[in-house]
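Next come the chains, spelled out residue by residue.
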Amino acid sequence: MPNGKRAAVEIGYSSSPRGDESVAAAAGRLESGTLLKSARRARFLPRQVVYREGEQADTVYAIRSGLVKLISYLPNGKGRIVRLYGRGIWIGLEGLLRQPYEHTAVAIEDVEVYRLRTHTLRLLERDDVQHHVHLMSKWHQHLLEADMWISEFSTGPIRPRVARLLGFLSRVEDRSASGSVKLLTCDEMAAILGVTPESVSRVLAEFKRSGILCALESSQPELYRCDASALERVAWQ
């Protein structure tokens, strides 16, 4: 994927027009905006469904904390993770076009969101053009991210794809500055990459043996320090 488009996507993940602003700073900007003054907060536990594919999209969500995965289900009932979203990101925007939810959204960890009714947001087009343009820019960033998901996570050898996914996780979790990453389960990573959990497990084991991933002394056993330079070399080899 061209660097310019990838940069645009990652700016979208910080919910900011500035590429140098952290996810945490962007979330602070999102909270201070007038758009969310009428919003209600809601909390979701790990594995709890935020909304389901095909349901009426009557609510748009702005993620305040935590990670949410979007799942698309095949006719055979098997699910594929097609997006991961974190702080500062809006989900359920298809409701602005009176479309049903395109995916099932599930909390990966403890998640807090702002809930806004779509009929309220539709009034922005008439009453608050600036905020309406902001929401449309979020929609465009989601489209760019769909291109990234296909080109970086769904094609090529498994080893660089896992490396690219780890780099992505570090950025979306706002951990890249500290050089760490919180791993998803092998099943979740496999559902993103379209491979078997065993294949993901073998690559992760190799990264741990080579020192690309080093376990941190933490209450979270899935938290690792990552060698960003080595990870980048593997990702684009």
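Before reading on, note that the structure itself is shown above.
Residues numbered from 1 in each chain as written. Predicted model: local features only at pLDDT ≥ 70, side-chain atom pairs only at ≥ 80, totals over all residues. Heavy atoms only, no water.

Caption draft 1: Highlighting the pattern of salt bridges. In the structure shown here, the tally under the stated rule is eight salt bridges. The partner of Arg41 in a salt bridge is Glu112, and the shortest N-O contact between them spans 3.4 Å. Taken together, the residues Arg41 in strand β1 (residues 40–44) and Glu112 in strand β8 (residues 111–117) connect sequence positions 71 residues apart. Of the residues examined, Arg41 reaches a relative accessible area of 48% and is grouped as partly exposed. Linked by salt bridges that have partners in common, Arg41, Arg43, Arg64 and Glu112 make up one network. (Salt bridge = Lys/Arg side-chain N within 4 Å of Asp/Glu carboxyl O. Helix = DSSP H or I, 4+ residues; strand = E, 2+ residues; numbered from the N terminus. Buried < 20%, exposed > 50% of the residue type's maximum accessible area, 1.4 Å probe, protein only.)

Caption draft 2: Inspection of the pairing of strand β3 (residues 59–65) at higher detail. Taken across its seven residues, β3 has five buried, putting it largely inside the fold. Here six bridges tie β3 to β8, and the two strands are oriented antiparallel to one another. Bridging from a neighbouring strand, Ile63 pairs with Val113 of β8. Here β3 runs beside strand β6 (residues 90–91); their pairing, made up of two bridges, is antiparallel. (Pairing = 2+ DSSP bridges.)

Caption draft 3: Representation of the packing of aromatic side chains in the model. Enumeration according to the criterion identifies three aromatic pairs in this entry. For the pair Tyr51 and Tyr101, a centre-to-centre distance of 3.8 Å together with 15° between the ring planes defines the contact as stacked. In this pair, Tyr51 sits in strand β2 (residues 49–51) while Tyr101 sits in the loop between β6 and β7 (104–107), placing the two residues 50 residues apart along the sequence. A relative accessible area of 3% means that Tyr51 is categorised as buried. In this structure an aromatic cluster arises from ring pairing among Tyr51, Tyr61 and Tyr101. Residue placement shows Arg164 over the ring face of Trp236; its charged tip is 4.9 Å from the ring centre. (Phe/Tyr/Trp six-rings, centres within 6.5 Å; stacked < 30°, edge-to-face > 60°. Lys NZ or Arg CZ within 6 Å of the ring centre and 35° of its normal.)

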